[in-house]
Each structure stands twice: as structure tokens, then as C-alpha cells.
Amino acid sequence: MSEKIKNILLEVCANLFFIGALLFLFVNPWADKNYPMQKHWNVFFVLSADTSGHDSGTGLSIFLGFVLPSVILFLVFTAFRIFIWKKKGLTLPAGKYLCAAAMLFALSLAVTAFSKQGWRYVQISRAVKAAPADSEFYRAHFVDTSEVSLTAPQKKRNLVYIFMESMENSYADYDNGGVMPVNLIPELTALCNEGVNFGASQGLGGGENLEGTSWTSAGLLSKTMGVPYFMPFSKNADGSQGCLDNTRSLYDFLSDQGYRNVFAMGSEKQFENRDLILERHGVEVHDIGYYKASGMIPADYQVFWGFEDQKLYEVSKKELEALGERFLADGAPFSFSLLTVDTHFPSGFKCALCMTEHSSQIENVISCADRQVAAFIRWIQSTTWGRDTVIVITGDHNYLDAPLNNFMREHGAAHSWAELQARRHFFNLFINAAKEPPAALGRSRAFSSFDMMPSVLEALGFTFDTDGIALGRSLFSEEPTLIERFGVQSVEAETMRRTVQYERLK
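Every value quoted in this text rests on a predicted model; they were computed, and no experiment measured them.

Each value, and the rule that gives it
Residues numbered from 1 in each chain as written. Predicted model: local features only at pLDDT ≥ 70, side-chain atom pairs only at ≥ 80, totals over all residues. Heavy atoms only, no water. Helix = DSSP H or I, 4+ residues; strand = E, 2+ residues; numbered from the N terminus. Rg over C-alpha atoms; globule rule 2.2 N^0.38 Å. Buried < 20%, exposed > 50% of the residue type's maximum accessible area, 1.4 Å probe, protein only. Contact = heavy atoms within 4.5 Å. Areas by Shrake-Rupley, 256 points an atom, 1.4 Å probe, with all protein chains shown as cover. Lys, Arg positive; Asp, Glu negative; His and termini not counted. Charge placed at Lys NZ, Arg CZ, Asp CG, Glu CD. Patch = residues over 30% accessible without salt bridge, like charges linked within 9 Å, V, L, I, M, F, W, Y side chains within 5 Å. Salt bridge = Lys/Arg side-chain N within 4 Å of Asp/Glu carboxyl O. Phe/Tyr/Trp six-rings, centres within 6.5 Å; stacked < 30°, edge-to-face > 60°. Lys NZ or Arg CZ within 6 Å of the ring centre and 35° of its normal. Pairing = 2+ DSSP bridges. Axes fitted to C-alpha atoms, helices over the stretch in contact; angles between N-to-C directions. Polar contact = N/O pair within 3.5 Å; in protein donor to acceptor, adjacent residues only side chain to side chain.

A. The arrangement of the overall build of the protein chain in detail. The secondary structure content of the protein chain amounts to 19 helices and 11 strands. On C-alpha atoms alone, the protein chain measures out to a radius of gyration of 26 Å, which is about the 23 Å that the 2.2 N^0.38 rule sets for 506 residues. The dimensions of the protein chain, computed from C-alpha atoms along their principal axes, are 90 × 55 × 50 Å. Scored against the burial criterion, the 506 residues of the protein chain give a buried share of 54%. Pairs at least 24 residues apart make up 75% of the contacts formed inside the protein chain by residues separated by at least 6 positions. Surface summary for the protein chain: the accessible area is close to 21400 Å², and the carbon and sulfur share equals 57%. Positive and negative side-chain charges in the protein chain, numbering 45 and 55 respectively, have mean positions lying 8 Å apart.

Given below as C-alpha cells:
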């Protein structure tokens, strides 16, 4: 190999190391502003799932956040070497350049791994691949869904289940149980006077945002199946993918009772394997692809994650009108669920209905979402079939704050970080429930996503002959939840590990 070719190869390798070091330099603050990097379980499981169908702005954010700055700084450095050093007769031998660039790359990699606690991902990877352990906790407290027998009410009620992206009780003002100086969700706060909001004796309450339940697919799975998201997917003998096929979800129970289950979302259903979570358990998922194919959304329309909540509520009304007409005609009950998206971290989507009334975009979007969901609920209540419909509103999980991006910490009224965290819970509200909370306990309960499935079933008027379902206990019963019995840390420690019992559900 000639000396010239050797130097060219050394230069190329050095440039690659240098560009890599620059990428790590800029990716750290970008990630800390745009992703919950402190939530290691979230990051690990989300990246392990299908991530196609991501927010349409992610590519631009990556380019502007760390790719473009890295390229600019590299070009500036290269120009400096060519036009300044050479004029002064200075040179940087290719071999020394390679050594320096490699050392810089190694340093930047080490700093990134340390600052992001990279060893935690190694620990999590080992945990999910570990040999399944026989769990005393599961044996004592998991109620096998195959052993649950439902008794239907004399007249079955419909269900409208609204999963609101990142909706927390903490968006309310301090006096109403939140953390903000001004109530961002006054409409939902007012609606809580008409229904049941569990979690606190005074002000708005909510559920604990446990590990394995704290991002969208995990929130959907845990709230409808009563177990955490812990690598729940499997490959079946026919080559298809399954999702906890050996347990029954809320929708399986409803299907068995003659319900038609429809789930609407304005994004692509396959993101984070949400299609498997829902479709493997008796749900018709109507996503952006479905609505474009049916002509309800223009074929070339794309904003944010797909289409905004304003349009989601419009198509949902059309779907519900058809389901409602059938219910009135032949009494066929339905469950209609929808997943909103406008309030998605980090800044939300500012639609045409949003007003500028608060200090940040995400706060304005939250208030807009509050008005839109309240108007949607009022519309349901105005329909003929609305009187026979239970409405459940829940946050799919807590807001995914990032180390450098947390509006509740920056603008909130909590007196300390500990108080802020203690007041943060996912929102919940049951309207027109068939059952009242037990007088002895009222609505002051400590609970998690696991408890939503049996609570929804009892809200619909169903009863069952067991203490609970899966890891959940109904909030309309006097049965204590696992959080009330053992506390958050103990429940997380027992559920966020690979067990024989969980593996059998696949």
C-alpha cells in the first residue's frame, strides 16, 4: 500500500471518529430535552418494539438537534485545517489525527454512557432474558382470568373509554390537587363533580404510574389486561406474533358478552406494537390508515403523529352515531375506545382550536385538550343512547418529562421536587357508572393501572366471583388494591422481573 493511500485511509477513519464524537456531544442535550432518558425501562422497551409510525417531526428534530450542528462543526474544523493551518505551514499528520479523534470519540462515548447510566440498560437486558423465576407474589395475588366468571346486569351499558395522552391530575391548580398555579384542566375538574374520580379524599386524585405501565403501549396493556408490560410478545406456532394470548383482556370479557369493540386513534396502530396488544384481544383498531382508506381523512393528510384530536373527535362522533343507532335498534352493546395524541411530550400539537393563554405551548395544548374532551362528553350525554353509556376517561400514563424539559417543575407551584412527584398521578374519571364506591372507602384509594380493568367492568354493572382480575382489584369494591397492601416499591419489585407465571400468559 502506498503512503498516499495509507494517509487517505487514516484521514477517513479519523474523520469518522471525529464526527462520531461530535454526534455524541450534541445528542446528549438533545435527548435530555426530547426524551425521558431517566426512565430506563421506558426507553429500553420502546426501542425494543416496532417504532415505525413515529411522530412525523422526529426526523427534522434529529437533523436540527444533533446531525446539522455536528456537520457544521466538522466543516468548520476541516476548513480551519485547510485554510488556516496550511497558510501558517502547520500540519496534522494523519496518524496523530486518527489517535486524537479516536481518543475524543472514546471520551465522548464514555461520558454519554456515564451520564445516561448505560449500565442500567445492561441490567434491564439481563433481567428480561433471565431464566423465569417462580413468583410467590403472582401465586398469591394474581387472579387467573380463565377462572373469572362475569355476571351481566339486566341491561348492558355501552362503554366509551377515552385514553388521553399523558393526562395527569397534576395539571390542575394546587388547591384542586394539582401542581400548577393556574388550573389547566378546569373542564375535567368540573366533570369530576358529576362522576367518580378515585385517588384522593379532596381535590383531584389519580393512579400510580408504575414501571411497566408508564408509556402508551404499556398504559394500554396494563389498563386493559391488569399486568405490566414486560416483553409481552411471543411467536406462535403458525408464525404469527401474539401478545399475552393466554390471558383475557377487558375487551375479551366484553366480546364474550356480545359487545363490539372498536378502538380509534389518529396515529399508526403498529407503533409500539399497539396493534398486537389490541387486535389479539378482540378489538377492531381504526387508525390513520383505516380512516384514510375509508375517505374520512384525506389520503395525503399528515400532521404530528398522524391527525390531530380535533379530527379524531369528528370521526369518533360518526362512528358512535352508527354504533348508537344499532344499539337503539337491536340493543347490541358496544365499547368504543379512543386514544388522543395532541398532548404528547415534549410540546404537544397546537391545533386550530388552541388559544395562547399560558406560558408554554404544552400548557396551552393541555387546556385545549381539556375543552375538546369536555365538549365530546357533553355531545355523548346529549344523545339518546348516551343515558345507557358509561364514560371512562384516563391518562394513558404520566407526562414523559425529560431531564431538561419539565414544565411542571419550571412553572408549577409544588414546594419541592418530592412534593411534585408525590402529587403526580394519571387522571381517571368514571361517568354514569352503574355502581357507587363503597361508603367505607369512598374515592380515596391508592391504585395503579392494574386496577382499571375490574373497575371498568363493575362500572358497567358486571359482577364477578373473584377478589379481582389479574393483578387488579375493583375500586368500586372494598377489596384493597395491591398498592394499598404492599406499596409502590414492593409491587414494582415483584412485577418487573421475569416470572414463570407471566411467561405462561404468552
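The structure having been displayed, the exposition proceeds.
B. How the structure looks around the environment of Leu 191. Positionally, Leu 191 belongs in helix H7 (residues 186-191). C-alpha separation for the pair Leu 191 and Arg 378, spaced 187 residues apart in sequence, amounts to 10.0 Å. With near-sequence residues (within four places) excluded, Leu 191 lies in contact with Ala 374, Ile 377, Arg 378, Leu 429 and Ile 431.

C. Spotlight on the side chain of Glu 168. Residue position: Glu 168 is located in the loop between strand E2 (158-164) and H7. Setting aside anything within four residues of it in sequence, one finds Glu 168 in contact with Ile 185, Asn 398, Tyr 399, Met 408, Arg 424, His 425, Phe 426 and Phe 427.

D. A look at a nonpolar patch on the surface. Residues Leu 25, Leu 60, Phe 63, Leu 64, Leu 68, Ile 72, Leu 73 and Val 76 make up a contiguous nonpolar surface patch of roughly 710 Å² in combined accessible area. When residues in the nonpolar patch are grouped by element, the largest group, seven residues, is from helix H3 (residues 58-85). For Phe 63, a relative accessible area of 41% gives the class partly exposed.

E. Highlighting the packing of aromatic side chains. Using the criterion set out here, one finds 34 aromatic pairs in the structure. Plain terms: the ring middles of Tyr 313 and Phe 376 are 4.9 Å apart, the flat faces sit at 40° to each other, and that makes the pair tilted. Residue Tyr 313 is located in helix H12 (residues 309-330), and its partner Phe 376 is located in helix H13 (residues 361-382); the two are separated by 63 residues in the primary sequence. The pair Tyr 313 / Phe 376 is uniform in exposure class, with both members buried. Look at Phe 426 and Phe 447: their rings are 5.8 Å apart centre to centre, the planes differ by 90°, and that puts the pair in the edge-to-face class. Placement of Phe 426 in strand E10 (residues 426-431) and of Phe 447 in the loop between E10 and helix H16 (452-459) is noted, with a sequence separation of 21 residues between them. An aromatic cluster of at least three residues, connected via ring pairs, comprises Phe 44, Phe 45, Trp 215, Tyr 229, Phe 230, Phe 233 and Tyr 502. The ring centre of Phe 426 lies 3.9 Å from the NZ or CZ of Lys 223, which sits over that ring. Across from the ring centre of Tyr 174, 3.8 Å away, lies the NZ or CZ of Arg 423, which sits over that ring.

F. Highlighting the pattern of salt bridges. For the structure on display, the rule yields 19 salt bridges. The residue Arg 423 makes a salt bridge to Glu 419 at a minimum N-O spacing of 3.7 Å. Here Arg 423 and its partner Glu 419 are both found in helix H15 (residues 417-423), four residues apart, which amounts to about one turn of the helix. The salt bridge involving Lys 506 is made with Glu 503; its shortest N-O contact spans 3.1 Å.

G. The arrangement of the sheet that holds strand E9 (residues 389-395) in detail. Spatial strand order, E3-E10-E9-E2-E8-E6-E7: seven strands in an open sheet with mixed pairing. The open sheet has two free edges, formed respectively by strand E3 (206-207) and strand E7 (284-286), since each of these has just one partner strand. Here three bridges tie strand E6 (residues 260-265) to E7, and the two strands are oriented parallel to one another. Paired with Ala 264 across the bridge in E7 is His 286. Each of E2, E6, strand E8 (334-339), E9 and E10 touches helix H8 (residues 216-225); the most contacted strand, E2, lies at about 150° to it. The strands touched by H12 within the sheet are E2, E6, E7 and E8, with E8 carrying the most contacts at an inclination of about 175°.

H. Geometry of helix H2 (residues 40-48). Taking burial as the measure, the nine residues of H2 include seven buried ones, the bulk of the element. Taken residue by residue, H2 has His 40, Trp 41, Asn 42, Val 43, Phe 44, Phe 45 and Val 46 as its buried positions. Looking at the packing, one finds that the buried side of H2 touches helix H5 (118-129).

I. Seen up close, the side chain of Arg 445. As for its position among the elements, Arg 445 is in the loop between E10 and H16. Of note is the side chain of Arg 445, whose polar atom sits 3.1 Å from the backbone oxygen of Ser 477. Excluding residues within four positions of it along the chain, Arg 445 makes contact with Phe 198, Gly 199, Ser 474, Leu 475, Ser 477, Glu 479, Pro 480, Thr 481 and Glu 484.

J. Representation of unusual backbone geometry. The residue after Phe 345, namely Pro 346, is reached through a cis peptide bond having omega 5°. Looking at the element boundaries, Pro 346 is found in the loop between E8 and H13. Here Leu 244, not a glycine, exhibits a phi torsion of approximately 50°, which is positive. Position of Leu 244 among the secondary structure elements: in the loop between strand E5 (241-243) and helix H9 (250-256). A positive phi is found at Glu 272, a non-glycine position, where the angle reads about 60°. Structurally, the position occupied by Glu 272 is in the loop between E6 and helix H10 (274-279). Look at Glu 272 and you get buried, because its relative accessible area is 6%.

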